[in-house]
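Summary of the model geometry
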Amino acid sequence: MRHFPLKCNFTLKPFILQTLPLFTSGLYTFLQSEPLWQLSIHHGPLSHSGGWSPMVTDQEPWLQVDLREQMEVTAVATQGRYDSWDWVSSYLLLYSDTARAWKQYRHEDGRFVGNVNSEAVVQNKLSHAVRTRFLRLVPLDWNPSGWLGLRLEAYGCSYKSYVADFDSRSSLLYRFNQKSMSTVKDVISLRFKSHQAEGVLLHGEGQRGDYITLELHRGRLDLYLNLGEIRLRFSSGRVAVTVGSLLDDQQWHSVHIERFNKQVNLTVDSHTQHFQTKGEGHSLEVDYEGNVTFSCSQPQLVSCTFLSSSSSFLSLPSAASATGGFSVRFQFRTWNPDGLLLAVQLNPEPQRLEMQISNSRLQLTLHSSGRPKLPNHSTAQSGFNDGLWHSVSLNTRNLQITLAVDSEPSSSIELWEQLEPRGNLYFGGCPTVDCQYLTPAFQGCVRLIFINSQPMSLNQVQQGLLGNYNELQFDTCNIRDRCLPNLCEHGGRCSQTWSSFSCDCSGTGYSGATCHNSIYESSCEAYKLIGSSSGFYSIDPDGSGPLGPAQVYCNMTGKIIVIHTLSPLPFLSSTENWQKFNYSASAEQLRAIVSGSEQCQQEVVYNCKKSRLFNTKDGSPLTWWLDWEGEKRSYWGGFLPGVQQCSCSLEENCMDMNYFCNCDADTDAWANDTGILSYKDHLPVSQIVIGDTNRTGSQAVYHIGPLRCYGDKSIWNAASFYQESSYLYFPTLQAELASDISFYFKTSTPSGVFLENQGLKDFIRVELSSPSVVTFSFDVGNGPAVLSVKSHLPLNDRQWHYVRAERNVKEASLQVDQLPLRFLEAPADGHLRLRLSSQLFVGGTASQQRGFLGCIRTLTVNGASFDLEERAKMTPGVTSGCPGYCSGSSSLCHNRGRCIEKSNGYVCDCSQSAYGGTTCNQEVSVSFDMESSVTYTFQEPFSVMQNRSSQASSVSTESSSRAREDVAFSFVTSQRPAMLLTVSTFSQQYIAVILAKNGSLQIWYHLQTDRSPDVFSPVLTNLADGRLHRIRIHRVGKNLYVQVSSGEPPKGRENLNEEVMQAAFKGFIGCLSSVQFNHVAPLKAALTNRGSSLVTIRGPLVQSNCGALAESTSHTLQDKEQHGNSTQKDLAVIAGVVTAVVFIAVCALAVISRLLYQQRRAQRSSSIKEENRHSMYTDYRTELHLNNSVRDSMKEYYI
């Protein structure tokens, strides 16, 4: 192991300071009176030294330092030129062992913060030390009122190490004193550098099958480790733990492996993976049994980086060839799927040859005018944008073009005449004066260029002695892996180009630019508030937090209930037994659901025959259960913790009043103790232990019921602020890379700060900046960013308004009520981390200025709910709760209805609800015949409801991830096929919901006119059965959520435009009810606003109550069924037999179509109670590849 000194921040004294000019050696001037390396805050020479300053004519200056030997550098400090207006305000830092191959030090966004004047010293500590001999500082920005000037100091300590050089055929064998060793703990550390992406660094194995292999593969480090698993020794399916990326950059990389038993930490540079080893063993048993040189050779593989996708190019002259034709050979690496690699003008004119990357494949094209056209030549190999080095060789001799790529066999195209280059060869791009191509320029790295077998010196190009170039960076391959670390959350898959990355959220249950936002509601009450009916739902109890969604049953009638069914069946005990219970959610999810609910309970049933619970001489229980933390609990249902009694004691009806439980009477007849556990801090039950069953004739049957939780205590958790200087404070917001903040507010004041959190320079703030404007502002080091949403109506109207602000490394967004979302894209290569240090202030600021007056409720940050009421109890100027009729959990208005406060009561605003009535709970139904239809015209952009900030680009490639629809309706029909609903634009895009010929439901998305539609079939059974069916469709980007009254596994379909046309021709005969599209209710508008220009009615349209009638019938059947089941259950308990609950499977997540997008099939199973099978709802989700959402100014909605 290497040992570092306790202190490594000494001033490093370089042997010489070099200023290597780009073109001539006379462009730089030294103005210092003392050596630069003596710059120090504490030393006198600092204030009287001059500094370095390049000539004004130098357009790309840099300063290089030789430390004389390899050092460990921990910090750098800069200062402006003495007594001047010259300083550097930001710069890049590069390092190298050879002064030929350079690597940029990544300081978050790559930039180092410099000076703001000429005298103050600014020190930047390196987050991870570098071992290097040479440093190069590249100024980026300087004083606009002066010029570029600099004094520099480096800090660190000396670094000594033994090195060994390997040539790919050599190896080094180390022999320990023992022939074999068996270790429980291992620590292995080493450093390596290589210009190759493949190679074994370390390997050892033992006779029993143990092995350890550390291997460089595709520029990443793979670790294979097995402890005693024999079948893995000869298996070709070994799984590696992979860390790092782009490790073939000729720079030193540190590897540290720590193992204790089966726990392993693998660290490469600053990236660590934690994992458990394969095999049954806990120790590693290893047997120990070309040329190696103990100095490190320095390969001179000099690279250059093409920086711009529009203007970068390298022009080189073609060397003369004695055999005619020409040949070109070079290596490249990139992340971009498209880019021009080589362009050559040819003789005889007019011909040109292009080599480019197109859709990740290498393509060679010969353009020839007036001659037979040669076909494009594309390699079978793909994935040339994988960030690895690829070699390509092109030869035009012998009347053919030969192309060889990497180690693949070469391929040829026959020619009719010899081709000769005319003029220069252009690499990576081409100046517009010489050629104009539609192909984007190459962004990436190039090295080892040979023209006609002659090496091209990039050093001469840099000095202006050879060829020409634009937007190139020499001596370094400035490639970076933007997917390391992976900034996509919740298992999102990261992909990248040279300048950005994107996240594929399909199959994760999350959406957004970084897969931050859950596509599920957080509770059953949240589903109820948007009008959902009873059924099985996926809820995400911590929203954007780390916990995933869990499937629960929501009973929306009466109190909202969450039921987690148990997998084990009742167990008959004949000896001492214990049983562990598994739930349909993880322990963490269960804990989040329980803690977020107002109350929870769980039924326990114990049927006994000579099997006691607590009747012992010493008072120790014979039967007990474990809570969610594994703590032993001996109280039974109906009593508080610590009391060993049963519910019959509380009700004074035990069969023997000398005992506190029926089973403690210890009779030969069957008895029963049943009760409810309601102390939610102990729920759910994780395990039960049955003890008194080992006597002759002793028997017991137990049953632990499902976990039931009621309410959502965060939805109406509120605080009232009645002093401007008052505020609530919470711990610092954890929001470095991503954060979302949501809450409701109501106020009568024109402005006020909702919340604020500050750091040294960074901050985040959400405020009401004027009566109709909500503003979200923050600064992560790129300067203040501001997002504002303006409402056409005042927001200080004493009514509840919803605000949601989100910021991640890709973008920021702000939503207010149903107003269009406002987006702001993050600057490219800007600062990423929001560094906060103060407390989070709610309802005010640290300066106690512009405090908020009014109410705030349901404050949620990153999925965690804040208890405003509890904190308000101890804060002056703030009270718990919020006065008013619309501030409670009684749900006065239903189905998206909005509660409006009045001086003497309240009214429900049902304008954005598909329901009517005084509380928005009356269904609006219409009967149609074959000639009837309703058309509603929208005066808004289609599909994507957003308005972008002026700082952001107009339309981004991620626009599809923001597209959303929310559609809900009910229908009754016996006709098939049938058109239920369509949304279309004048440019032929549409969404259609139909019943197919067999009566199955089909949802069609046709948002790309050049491709076939995406078709989703969530239900294959016949829905044209004359019964009421409820449909809810919710799409966010590629995630499609469909809720239907019953269903089978959804399946993808091919192009079936004919079926849509047939359904449209047949129209619809039946009843439609409660139709909702986003915040508009078209069917309701047709009945209440018949004179509106937005509504067009064709044929007879008759208002009906079919939805209400069908609903009442459904409830009657459900009530009868539940009552019958309840009676049956009571009889079962009395008889001493606990009946098993019968479940049927519910499937979700299926492939939607053959189009566009390779999507994982995911199938989830859940349990549905048979007694609720007539009223159950099934959730389906899938992902659609819906790029470039339509933004027409008009759209129509057909019913």
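Residues numbered from 1 in each chain as written. Predicted model: local features only at pLDDT ≥ 70, side-chain atom pairs only at ≥ 80, totals over all residues. Heavy atoms only, no water.

The name an unreviewed UniProt entry gives the protein is Contactin associated protein family member 5, with Sander lucioperca as the organism. According to the UniProt record, the Sequence similarities (unreviewed entry) comment for the protein reads "Belongs to the neurexin family." Per its UniProt entry, the protein bears the Subcellular location (unreviewed entry) comment "Membrane". (UniProt positions renumbered as here; feature names shortened; annotations may be inferred.)

For the protein, the helix and strand inventory stands at 11 helices and 88 strands. Looking at the protein as shown, the accessible area adds up to about 52800 Å², and 51% of this sits on carbon and sulfur atoms. (Helix = DSSP H or I, 4+ residues; strand = E, 2+ residues; numbered from the N terminus. Areas by Shrake-Rupley, 256 points an atom, 1.4 Å probe, with all protein chains shown as cover.)

The next thing to look at is the state of the cysteines. In total, this model carries 12 disulfides according to the counting rule given. Between the sulfur atoms of Cys646 and its disulfide partner Cys661 the distance amounts to 2.0 Å. The S-S bond linking Cys646 to Cys661 shows a torsion near 90°; that makes this disulfide right-handed. Taken together, the positions of Cys646 in the loop between strand S49 (632–633) and helix H6 (647–651) and Cys661 in the loop between H6 and strand S50 (671–677) put the pair 15 residues apart, joining distant regions of the chain. One exposure class covers both Cys646 and Cys661, and it is buried. Paired by a disulfide, Cys855 and Cys882 hold their sulfur atoms 2.0 Å apart. The disulfide joining Cys855 to Cys882 has a torsion of about 85° about its S-S bond and is therefore right-handed. Of this pair, Cys855 sits in strand S64 (residues 854–861) while Cys882 is found in the loop between strand S66 (878–880) and strand S67 (898–902), placing the two residues 27 residues apart along the sequence. (Disulfide = S-S within 2.5 Å. Buried < 20%, exposed > 50% of the residue type's maximum accessible area, 1.4 Å probe, protein only.)

As summarised here, the arrangement of the 4 strands in space is S46-S51-S48-S49, forming an open sheet in which the pairing is antiparallel. The open sheet has two edge strands, strand S46 (577–580) and S49, and neither has a second partner. Examined bridge by bridge, strand S48 (residues 623–626) and strand S51 (residues 687–690) share 4 bridges and lie antiparallel to one another. Of the residues in S51, the one forming a bridge with Trp624 is Val689. (Pairing = 2+ DSSP bridges.)

Another aspect to go through is the pattern of salt bridges. In total, this model carries 25 salt bridges according to the counting rule given. Taking the shortest distance from any N to any O, the salt bridge between Glu72 and Arg131 comes out at 3.3 Å. Of the two residues, Glu72 is situated in strand S5 (residues 63–79) and Arg131 in strand S9 (residues 122–142); the sequence distance between them amounts to 59 residues. In terms of burial, Glu72 and Arg131 fall into one category: buried. Taking the shortest distance from any N to any O, the salt bridge between Arg111 and Asp141 comes out at 3.0 Å. In this pair, Arg111 sits in the loop between strand S7 (103–104) and strand S8 (112–113) while Asp141 sits in strand S9, placing the two residues 30 residues apart along the sequence. (Salt bridge = Lys/Arg side-chain N within 4 Å of Asp/Glu carboxyl O.)

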